[in-house]
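Survey of secondary and tertiary structure
Residues per chain are reported as follows:
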Amino acid sequence: MTPARLTVMVFPGTQTLPLFAAQANGSFERRGLAVELVPAPNSAEQRDGLATGRYQIGHGAADQCVAMAAAGVDAVVVAGGDNGFNHLFVQPGIGSVADLRGRTLVADVADTGWSFVLYEILRRHGLEKGDYAVHEAGAPFRRFEAMRDDAAMAAAILNPPFAIHARRAGLKDLGPVVAGIGAYQGTVPYVLRRWAETNAQTMTAYLAAMIEGLRWSLDPANRFAATRLYAERLRLRSDMAAETYAAAADPAHGLAPDAAFDRPGFATMLRLRAAFTDFRPAAAVAYIEPAYRDAALASLR
């Protein structure tokens, strides 16, 4: 049987381990899928590529799906994933968040997910839009490189392994973003609703393979093998790969078991989009389609 070919755009990082594992362990292949993982340069390309059919599935911030809805494109989140593993980093000479007044923030693109989180953190410290500039750098590795190479780039939100690179480069870690804003739904798989309905069996098979990869990744017996995957796929030294795996496997803040939805975190994400744009999101149920994950879980029992 000819495998169903899927092009999946992802932001490589801590959250991508289940997909690496599903590829390496043959989970996709056993379900009749040939999956190509394409690294995302930025959120705008991921959204546009999904909308135009260049990619069938995206793994990005949950807000990506809502951003597509705001643009009139009907996309849905089909599983949960994580709360982002993200920390706020600033240049060494910056003492506090309040010191970012008049400075330049480094974002993916200015109008989506983690940018809104950054704006909210600043708002809670008395800084409003207009009190800072925003430089759009793209994916996390580009945000880290922008800060590393230019001291005028004052702050960015980064997740491992780029957060680890940032610490070792001497950038200052101001702590996890969820400590400041509460629960937040981080990276999720999302698709066009019409594509999922037309390809329901493929969608279910993909999620089953992903969840199988996730279960393998979180099994303590596979810690060393999973760490090697990080080292190979993200081109990390062994110590950095081990630190990245520790973040993924953290029982409180790591990858959500079985890719469970974070409903309170989803609500925070919707609230931030409403706060920083003119779009007024619908209730979370409008953007979440749990049926494919439910069917995937049933197939794994």
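Residues numbered from 1 in each chain as written. Predicted model: local features only at pLDDT ≥ 70, side-chain atom pairs only at ≥ 80, totals over all residues. Heavy atoms only, no water.

1. Some points on the overall build of the protein
Of the regular secondary structure elements, the protein holds 14 helices and 10 strands. Relative to the 2.2 N^0.38 estimate, which gives 19 Å for 301 residues, the radius of gyration of the protein is 18 Å and therefore close to what a compact globule would have. When its C-alpha atoms are laid out on the principal axes, the protein stretches across 60 × 45 × 30 Å. Relative to its full complement of 301 residues, the protein shows a buried share of 55%. Taken as a whole, the protein presents about 12300 Å² of accessible surface, with 52% of it coming from carbon and sulfur. Each charge sign in the protein was given a centre, from 30 positive and 30 negative side chains, and these centres are 2 Å apart. (Helix = DSSP H or I, 4+ residues; strand = E, 2+ residues; numbered from the N terminus. Rg over C-alpha atoms; globule rule 2.2 N^0.38 Å. Buried < 20%, exposed > 50% of the residue type's maximum accessible area, 1.4 Å probe, protein only. Areas by Shrake-Rupley, 256 points an atom, 1.4 Å probe, with all protein chains shown as cover. Lys, Arg positive; Asp, Glu negative; His and termini not counted. Charge placed at Lys NZ, Arg CZ, Asp CG, Glu CD.)

2. Describing the sheet that holds strand β10 (residues 187-192)
Taken in spatial order, the 5 strands make up an open sheet running β2-β1-β3-β10-β4, and their pairing is mixed. Both outer strands of the open sheet, β2 (33-39) and β4 (75-77), are each paired with one neighbouring strand and no more. On average, adjacent strands in this sheet sit at an angle of 30° to one another, irrespective of strand direction. As paired strands, strand β3 (residues 57-61) and β10 are joined by 4 bridges and run antiparallel to one another. By the bridge assignment, H59 is partnered in β10 with P189. In this fold helix α3 (residues 43-52) packs onto β1 (4-10), β3 and β10, with an angle of close to 30° to the strand it touches most, β10. (Pairing = 2+ DSSP bridges. Axes fitted to C-alpha atoms, helices over the stretch in contact; angles between N-to-C directions. Contact = heavy atoms within 4.5 Å.)

3. A short note on the nonpolar core
Grouped together as the largest cluster of nonpolar side chains are 87 residues, with contacts concentrated most on L100, V117, M203, Y206 and L207. A total of 9 residues in this core trace back to one element, the largest contributor, which is helix α10 (residues 200-218). Apart from the residues within four sequence positions on either side, L207 is in contact with V78, A79, P189, Y292, R293 and A296. Membership of the second largest hydrophobic core comes to 13 residues, among which are A146, A156, F162 and L171. (Core = buried A, V, L, I, M, F, W, Y, C linked by side-chain atoms within 4.5 Å.)

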